[in-house]
Amino acid sequence: MLDQSYIGKKLPTIRYQVDASKIRELALALGDDNPIYHDKAAAQAAGYPDIVAPLTFPTLFRFWGGTAAGAETRTILQQMGANVLRILHGEEQYEYFGTLHPGDDISGELEIKSIDRKEGSSGAMDMVRTQATYRKQTGEVVAIARATMVVRW
Amino acid sequence: MTTPTFDTINVGDALPSLTKAAITEVQLVRYSGASGDFNPIHTVHQAGVESGNNGVITHGMVIMGFVGQMIANWVRPDQVRSFGVRFTGISRPGDEITVSGKVLEKFEADGEQRVRCEVEAADQTGHRKVKGEFVAAL
């Protein structure tokens, strides 16, 4: 059983500084050679102030952005009682309100919204739904990210 | 690359598909470093075995990243208003992923002309890995 007291609990603040090398590193890992992720001049020609982050970049916030503060998703799930080797990713969803560029200083708070027990053919699993609202240093909300992690027992 | 326009897009239109090179173990190591997701089930063979798989499995976010690549090949990232997927199958090194999609709906919201599209990713045998939707302003 996961620790249900984490639902709605205030967790450490996520902080993440977007930089060009991390944007390129993600695009390279995915094998995505779209020049707007790699080349400032190409991004500017496309109307951006600088290179732009790929669509799945906000997921880095809850990993790298949580390591210093102990706000990393896996750390939290472990604290709740999950076995890391038994965690699967169920869903990931973003709402976008702007684009991410080098120099953006992101902060956000991850919240455990719900934990739902499901009895499957291979045993019980808990569906942990999370939500985080990410703001730039200006206070502007840039993205809301929701995830469902599946914890198997 | 020509960005699609609202008037020339029709419900049911297929989006340009994207077929990726086979996933490699090195790619999973690179994605772990890039993303900060160091769950060993993606990089350490024995951890993959202990997790109930025969070896390492791909981060779901690698597959979603491929889907994101396909979307941003069609529209610009700043046109995308929402993007979500459900992970429906596990991928392993060697899988060759193809991302496809189609237009589900054309509508207006917040003073914008938008399209809602379905996307999915499947391997070379047709086994589906993710299914989802995105909304873009055209």
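Keep in mind that what you see is a predicted model, and the values were worked out from it rather than measured. (Residues numbered from 1 in each chain as written. Chains lettered and ligands numbered in written order. Predicted model: local features only at pLDDT ≥ 70, side-chain atom pairs only at ≥ 80, totals over all residues. Heavy atoms only, no water.)

## Side note on the overall build of chain A
Of the regular secondary structure elements, chain A holds four helices and five strands. Counting from the amino terminus, helix and strand elements in chain A follow one another as β-α-α-α-α-β-β-β-β. Buried residues in chain A amount to 52% of all 153 residues. Considering only contacts within chain A whose residues lie at least 6 apart along the sequence, 67% involve residues at least 24 apart. On chain A, roughly 6,400 Å² of surface is accessible, and the fraction owed to carbon and sulfur atoms is 51%. Computing the positive centroid from 17 side-chain charges and the negative centroid from 19, chain A places the two 5 Å apart. (Helix = DSSP H or I, 4+ residues; strand = E, 2+ residues; numbered from the N terminus. Buried < 20%, exposed > 50% of the residue type's maximum accessible area, 1.4 Å probe, protein only. Contact = heavy atoms within 4.5 Å. Areas by Shrake-Rupley, 256 points an atom, 1.4 Å probe, with all protein chains shown as cover. Lys, Arg positive; Asp, Glu negative; His and termini not counted. Charge placed at Lys NZ, Arg CZ, Asp CG, Glu CD.)

## Quick notes on the environment of A:D39
All names here are of chain A. Relative to the assigned elements, D39 resides in the loop between α1 (20-30) and α2 (40-45). By relative accessible area, which is 37% here, D39 ends up partly exposed. Along the primary structure D39 and R135 are separated by 96 residues, whereas in three dimensions their C-alpha atoms are 25 Å apart.

## A short note on the pattern of salt bridges
Under the criterion given, the structure shown has 22 salt bridges over all chains. In this structure, the salt-bridge partner of A:R74 is A:E72, at a minimum N-O distance of 3.6 Å. Taken individually, A:R74 and A:E72 each receive the classification buried, so the pair is uniform in this respect. Measuring nitrogen to oxygen at the nearest pair gives 2.9 Å for the salt bridge that ties A:R146 to A:E95. Here the residue A:R146 occupies a position in strand β5 (residues 141-152), and A:E95 occupies one in strand β2 (residues 87-96), the gap between them amounting to 51 residues. Note on A:E95: relative accessible area 27%, which makes it partly exposed. Bridged by salt links that share partners, the residues B:R81, B:D110, B:E112 and B:R114 form one connected network. (Salt bridge = Lys/Arg side-chain N within 4 Å of Asp/Glu carboxyl O.)

## A look at α1(A)
The complete set of buried residues in α1(A) reads A:K22, A:I23, A:L26, A:A27, A:A29 and A:L30. Projected onto a plane normal to the axis of α1(A), the buried residues spread over an arc of 160 degrees and lie on a single side. Looking at the buried positions of α1(A), the neighbouring elements they touch are β1 (14-17) and α3 (64-67) of chain A together with α1 (25-35) and α3 (60-74) of chain B. After α1(A) finishes, the residue A:G31 shows a positive phi value of roughly 70 degrees. (Arc of directions from axis to C-beta.)

## Details of the interface of chain B and chain A
Every contact between the two is made by 39 residues of chain B and, on the other side, 38 residues of chain A. Surface buried jointly by chain B and chain A totals about 3,100 Å² across both partners, of which 59% is contributed by carbon and sulfur atoms. Contact with chain A buries area across many residues of chain B, yet B:A34, B:M61 and B:P77 alone supply 17% of it, more than any other trio. At the boundary of chain B and chain A, one finds one salt bridge. A salt bridge links B:D37 to A:R74; its shortest N-O distance comes to 3.4 Å. Between chain B and chain A we count 16 residue pairs in polar contact (both at pLDDT 80 or more) in total. (Buried area = accessible area lost by both parts, 1.4 Å probe. Polar contact = N/O pair within 3.5 Å; in protein donor to acceptor, adjacent residues only side chain to side chain.)

## Considering the sheet that holds strand β5 (residues 128-137) of chain B
Strand pairing in a sheet relies on backbone hydrogen bonds, with the paired strands running either antiparallel or parallel. Ordered by their spatial adjacency, ten strands build an open sheet running β1(A)-β3(A)-β4(A)-β5(A)-β2(A)-β2(B)-β5(B)-β4(B)-β3(B)-β1(B), and the pairing between neighbours is antiparallel. Each edge of the sheet is formed by a strand with only one pairing partner; in this case those strands are β1 of chain A together with β1 (18-19) of chain B. The pairing of strand β3 (residues 98-109) of chain B with strand β4 (residues 112-122) of chain B spans eleven bridges and is classified as antiparallel. If you follow B:T98 over to β4(B), its bridge partner there is B:A122. Along the sheet, α3(B) makes contact with β2 of chain A together with β1, β2 (80-87), β3, β4 and β5 of chain B, crossing β2(B) at roughly 145 degrees. (Pairing = 2+ DSSP bridges. Axes fitted to C-alpha atoms, helices over the stretch in contact; angles between N-to-C directions.)

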